[in-house]
Amino acid sequence: MPGTTLPPFPDDVRTHPLLIVDFELIKAGDREEIDRLWEAATTLGFWYLKNHGADQEVNDMFDVGAETLALPLEERLKFEQGDNGQSFGYKKAGAQAIDGTGKFLDNMEFMNVSKDDALAYPRVVHLTYPSTINARMENTVAPFVRKSLDVTYVVFNIFNDKLGLPKGTLESMHAMDEHSACEVRCTRSPPVQDKEAMERAMLAAHTDFGSLTFLHNRLGGLQVMPPGHDEWSYVRPIPGHAICNIADALSIFSGGILQSNIHRVVPPPGAQAAYERWSLVFFTRPTSSKVLRALVESSPIIADAVKKQPDKNFESGSTAAEWLARRVRNRRINNRRGPDTWAAGRGTEHTPTAA
């Protein structure tokens, strides 16, 4: 439960170090810090972000998540996502497969709130939400959304310059209109004590669907598989530090310069496994009508990167909305038609055997 005193992350498990980026410094234009962000984004695609200024908004959102997921299951199910590729709403535990066999199901539940609904409240753009969310939409959810977007746009403008794109290109492709699938996600996973369950993923290996992920978690469980590795490593949670990562759309737009890396969620290690795991994420995604393809006409840098990777396809043929719906739909166990269904929900080109 948010607010509970938690045991420390253990020192005897394999972790992968992430670069720490100071948001205040990149916002101020510090060249050394901007170069550190660029290094992280073009290698692993994951980094810690400190001094992001969202600590109070994050704490308040954890409270909203706890209030919402404490509602009776029958109430939560009134807002279930369903199996048609809809991302907003409630996802119950066990709705998704976590491997190609379909034998094992996820054990985490979450509520996704649309950015559009949060900023337009009380007008409904996409979906209605439980009373616990509506009661705090204006004073908690919307401020977190705005803060997350502020952080995202600072990062986008840095990437925009580094990629040689015309000024404002990336920001305009993620405009704050009412035609995107940006969302806030509050997730709860139960304590795990069974040894077999400890070794099984709670959320399947995947790359993220959109452009940029802004994650806040207090227990371990996130794992990455860095390029060239064949084993999973934990990402150690650091108090006050968000974990950011590049997602598929931004990787495709950049011609693979920005790295969307595979990751998964497993039970927290050590003594942390005995506690509920909560996480809070803001997913930034492109405007729904944008086609996911490398921006080769807009940047010689991107065009050159694509030419150097003739074996990769940067023409997805999908709009951002179609890409998201396919990914979400194929992860649902009710839509399973075999191992290919699960594979179609995973993401870009990643097929490591350990996943």
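- The protein chain is annotated in an unreviewed UniProt entry as Fe2OG dioxygenase domain-containing protein of Suillus plorans.

## Some details on the confidence of the model for the protein chain
Phase 1 of the analysis: Mean pLDDT over the protein chain works out to 92, with 95% of the residues at or above the 70 mark.
Phase 2 of the analysis: Per-residue pLDDT stays below 50 along residues 349-355; that stretch engages in 18 contacts with residues further than four places along the chain or on separate chains.

## Considerations on the packing of aromatic side chains
Phase 1 of the analysis: Scanning all chains against the criterion turns up five aromatic pairs.
Phase 2 of the analysis: Pairing Trp47 with Phe159 gives two aromatic rings, centres 6.3 Å apart and planes at 85°, and the pair type is edge-to-face. Of this pair, Trp47 sits in strand S2 (residues 46-50) while Phe159 sits in helix H7 (residues 137-162), and the two are 112 residues apart along the sequence.
Phase 3 of the analysis: Taking relative accessible area as the criterion, Phe159 reaches 0% and is therefore assigned buried.
Phase 4 of the analysis: Among the aromatic side chains, those forming a connected cluster through ring pairs are Trp38, Trp47 and Phe159.
Phase 5 of the analysis: Over the face of the ring belonging to Phe110 we find Lys91, whose NZ or CZ atom lies 5.4 Å from the ring centre.
Phase 6 of the analysis: Cation over ring: Arg326 sits above Trp323, and NZ or CZ is 4.8 Å from the ring centre.

## Quick word on the packing of helix H3 (residues 55-69) against H7
When two helices pack together, you describe them by how their axes are tilted relative to each other and by the distance separating the axes.
Phase 1 of the analysis: Orientation of H3 relative to H7, taken along the N-to-C sense of each, is 135°, at an axis distance of 9 Å. If you check the angle between H3 and H7, you find them oblique. Between H3 and H7 the crossing geometry is left-handed. In contact with Glu57, Val58, Asp60, Met61 and Val64 of H3, H7 contributes Thr140, Val141, Pro143, Phe144 and Lys147.

The rules behind the values
Residues numbered from 1 in each chain as written. Predicted model: local features only at pLDDT ≥ 70, side-chain atom pairs only at ≥ 80, totals over all residues. Heavy atoms only, no water. pLDDT = per-residue confidence, 0-100. Contact = heavy atoms within 4.5 Å. Phe/Tyr/Trp six-rings, centres within 6.5 Å; stacked < 30°, edge-to-face > 60°. Helix = DSSP H or I, 4+ residues; strand = E, 2+ residues; numbered from the N terminus. Buried < 20%, exposed > 50% of the residue type's maximum accessible area, 1.4 Å probe, protein only. Lys NZ or Arg CZ within 6 Å of the ring centre and 35° of its normal. Axes fitted to C-alpha atoms, helices over the stretch in contact; angles between N-to-C directions. Parallel < 35°, antiparallel > 145°, perpendicular 65-115°, else oblique. Left-handed = near helix turned anticlockwise from the far one by under 90°.

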